[in-house]
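# Coordinate analysis (summary)
These are the residues of each chain, in order.
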Amino acid sequence: MIFPDTVIDVDRLTKTYRVADKDPGLVGTFKHFLARKTCDICAVKEVSFSIKAGEMVGFLGANGAGKTTTLKMLCGLICPTSGYVKVAGFSPKSRQSEFLRQITLVMGQKQQLIWDLPPLDSLKLNAAVYGIGPRESRYRINELADMLEIGEELTRPVRKLSLGQRMKAELLASLLHRPSVLFLDEPTLGLDVNAQAKVRAFLSEYNRRTGATVLLTSHYMADITVLCPRVLLIDQGKIFHDGQLDALVESLSPNRQVRLELNQDVSPEAFEAYGELKDCENRVVRLLIPRHQLTEAVTKLLANFDVIDLEVNDQPIDELIGTIFRAGKVK
Amino acid sequence: MKLAGLSYQVARSLLSTQYAYMLEYRAEIALWALSGLLPFIMLSLWSNTQAGLDLGFKGFELSRYFLSAFLVRQFSVVWVVYAFEEDALLGRLSPYLLQPLHPLWRYAASHLAEQATRFPFALCIAGIFFVINPGAFWLPSLWILLLTWLATLMSFTISFLLQSLIAALCFWNEKASALERLLFVPYLFLSGLLAPISSFPPEVRKWSSLTPFPYLIDFPARVLSGLNVDVLGGFCIQILWICILLPLVIVLWRLGVRKYTAMGA
Amino acid sequence: MRRYFDSLKIFWGTALAIQLEYQFNALVELIAMFGSLAGSIFVLSLFFSNGNQLGGWSWEAALTVQGIYTLFDGITNTFLRPNLGAIVNYVREGTLDYVLLKPVDSQFWLSVRTFSPTGLPEIFLGFFLMTWASFSAGANITVGLFFIVAFMLICGLIILYSIWFLIASTTIWFVKTWNATEVLRALLASGRFPVSVYPSSLRFIFTFILPVAFLTTVPAEVLLGNSPTSMISSSLLVAIIFFVLSRLFWLFALRHYTSASS
């Protein structure tokens, strides 16, 4: 069922690749030279989801999980082997001009800016290609440059810019035509924490101002936790989770971690009634306590022991996701 | 024993990895081999015109000359400047400079490995040439083959040193690589690739013999095709050019590296 | 259409801006150009030693062919090589993705994205040599004939472009074989000489398979009055065939790219 405000609709999308198979070393090279072996690899398996206008969705997965392939199928750079895709009302693979004006793709590891020239020249080029007049493009460049907090960098050759400045300029170039659907493939790759935070802030601001739909992949958990209320978790070409990030965390780790620092020596057994004991050393105790019992348990702990310090936190999300990918499935 | 960081073990592993790498690019190398067809086009012109007959080549000597020129060219192609430029651009140069091995050895190994990969393709093209032109077939003696191999190796060394000289200049100014274009022009016209040096007017022949170019193609090709040639004199001049270029390259390269590291790479 | 025109202006403006950063290269290119023209004329002159003729072509007539070849070589260095030679980089670096996502025709983008002004003097020099040599050869050039030859040269350019683009398109499959264009360049060098000088088998190839003849020899013959002006129709026909072929092949290559790339 497609709702009118569904911008991206994907149904049982599948992509299989044929790849060459070569043993390493000289012998392998010779063998490959004589007889090429190939095998089919299923990069994306029957993936289905839909995204509404204005949503910011994070695409999570290990390397080679199929994130980029899916993203490229959504913008029409790869033809699906089977399945149904509709983006902004268009079928991406025919790459009609009207469709291309609606979308943009930013790849953290590839650049479209002209290396030897200032970004402004690349921006002019994009303006011409998208048919944006000089006044209008100047206005848009100023607006975006303000949001991105870049100015004079635009008149310096790209090769002289830092990675963070370059990424900002890339974003500017990719957004000049005011796309309503943004595909971002690791936009913060290689940036320092500060620059990452700036790119994040910009994306969230852009989404708020223009109501654009954003689909983003990233290795950095912070990108996802800050920007995307909804995540798609993909592993080995399949979607394992589609929904709230909080819900994912809840379902993955129903416990909270409580760390106590005591002013007395206590035997570890004394804590077993409160929750699962993780470790107990030098008067420092770590416990896992189910969320719904947390308040009650903490009250009791404080009443029964001489506590110097108490800390409650979630299991770190990177760790959680890591556990899922290692386990290969989600409950 | 080590020579600028090169020992037997290093040379062996360098050559074998480079050979495996080049095998990966065999399709590309086959095309490079094909792109050296120019001598055959020139042969069809020379053998079809009166000027060609006036050259004084008997029977199939002209065909053999151009086939030999093709083969010599195949095994003396050098692209050091391009490799150097790419390494500098992709930031591979700095780590190379840190290694206890002169970067030029690396390039030399990749050239030799490429020649080994190219060998079957060049033989194939020569085979096709003989099928089309059965009368031109000849089997040079082992002695001639040995001499040709030596002359071609020297020709390769001279080209290699010439380009290394330009590459060394790139330490001062990256745009120096454009000089390679300038080097190619006299190479193309004076090496004997397009016309045997004996077809040149005496004046041009005299002046060109003062440059290294005729000794890059014409001399080895004449040796291989069994034409009348001053073998000893040719070798002496090849060695002379190597003796002139080698110290220049070594010194310039060392100064260049010093300059490069001073700039903060 | 206007959008395409505006894009073109910006394309070439940026190309010029990049080039201005490399004046030294421009100087080297200029010297190399004069050197290689001198070398070509020198090799050509070898065929005319001892009062010989080159397959029925006089020295001036052969120079006309050389002039047209230089003209095309200039166009190659100015437009074809910078653009079509860069296609492989687009594929290798994955930036072809960005080109495909722009709302302009990808073949247009890849074919005219940049130009190298250092090739321009060669175009003028070639044009000058062609005109001067054909006058010296005693050609009776009328305004009508001039336009006919100009049109044939444009057809020749389309043929050259189409073949080159066709070969450059194969990089979509074999990223590594970018030097296929080098093979093409080597074969095109045969256009320095009138096609009638070659043995019949090569003449066949250079006329029907790799129509080098239509680039230099045919226009030169028409210019010199040795061929009827009606040759213009065969030039046009060959140009149309090759252009359509290159277009279809590109669309085919793109289908492959989008179903396999990563």
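Definitions and limits used
- Residues numbered from 1 in each chain as written.
- Chains lettered and ligands numbered in written order.
- Predicted model: local features only at pLDDT ≥ 70, side-chain atom pairs only at ≥ 80, totals over all residues.
- Heavy atoms only, no water.
- Helix = DSSP H or I, 4+ residues; strand = E, 2+ residues; numbered from the N terminus.
- Polar contact = N/O pair within 3.5 Å; in protein donor to acceptor, adjacent residues only side chain to side chain.
- Contact = heavy atoms within 4.5 Å.
- 1 Å grid on protein atoms, 1.4 Å probe; cavity = no way out; pocket = protein on both sides within 12 Å on 5 of 7 lines; lining within 4 Å.
- Points joined across faces, edges and corners; volume = space filled by probe spheres on them.
- Nonpolar A, V, L, I, M, F, W, Y, C, P; charged D, E, K, R; others polar.
- Axes fitted to C-alpha atoms, helices over the stretch in contact; angles between N-to-C directions.
- Parallel < 35°, antiparallel > 145°, perpendicular 65-115°, else oblique.
- Left-handed = near helix turned anticlockwise from the far one by under 90°.

### A look at the side chain of A:Asp223
Residues and elements named next belong to chain A. Looking at the element boundaries, aspartate 223 is found in helix α8 (residues 221-227). A distance of 2.5 Å separates a polar atom in the side chain of aspartate 223 from a polar atom in the side chain of threonine 188. A polar contact is formed between the side chain of aspartate 223 and the side chain of serine 218, at a distance of 2.7 Å. Dropping the residues within four chain positions of it, aspartate 223 is found in contact with Thr188, Arg200, Leu216, Ser218 and Cys228.

### Quick notes on the layout of surface pockets
The calculated volume of the second largest pocket comes to roughly 1,200 Å³. Along the wall of the second largest pocket there are 39 residues; nearest its centre are B:Phe40, B:Ile41, B:Ser44, B:Ile132 and C:Leu202. Going through the elements one at a time, α2 (26-34), α3 (38-46), α4 (50-53), α5 (61-74) and α8 (103-132) of chain B together with α8 (143-169), α9 (180-188) and α10 (200-209) of chain C are the ones with two or more residues in the lining of the second largest pocket. Grouping the amino acids of the lining of the second largest pocket by side-chain chemistry returns 29 nonpolar, 9 polar and 1 charged.

### Quick look at the packing of helix α2 (residues 23-47) of chain C against helix α7 (residues 120-136) of chain C
All names here are of chain C. Between α2 and α7, the shortest axis-to-axis distance is 10 Å and the interhelical angle comes to 30 degrees. Comparing their axes, α7 and α2 come out roughly parallel. Crossing of α2 against α7: the hand is right-handed. From α2, Leu30, Met33, Phe34, Leu37 and Ile41 reach across to α7, where they touch Pro121, Glu122, Leu125 and Leu129. Partitioning the contact of α2 with α7 into residue classes produces 8 nonpolar, no polar and 1 charged.

### Side note on empty space enclosed by the protein
With the rule as written, the count across this model stands at 2 cavities of 30 Å³ or more. Lining the largest cavity, in full, are A:Ile103, A:Thr104, A:Leu105, A:Gln112, A:Asn126, A:Tyr130, A:Ala173, A:Ser174, A:His177, C:Tyr98, C:Leu101 and C:Lys102. For the lining of the largest cavity, the secondary structure elements donating two or more residues are β5 (103-107) and α6 (163-175) of chain A. When its residues are assigned to classes, the lining of the second largest cavity shows 1 nonpolar, 3 polar and 3 charged.

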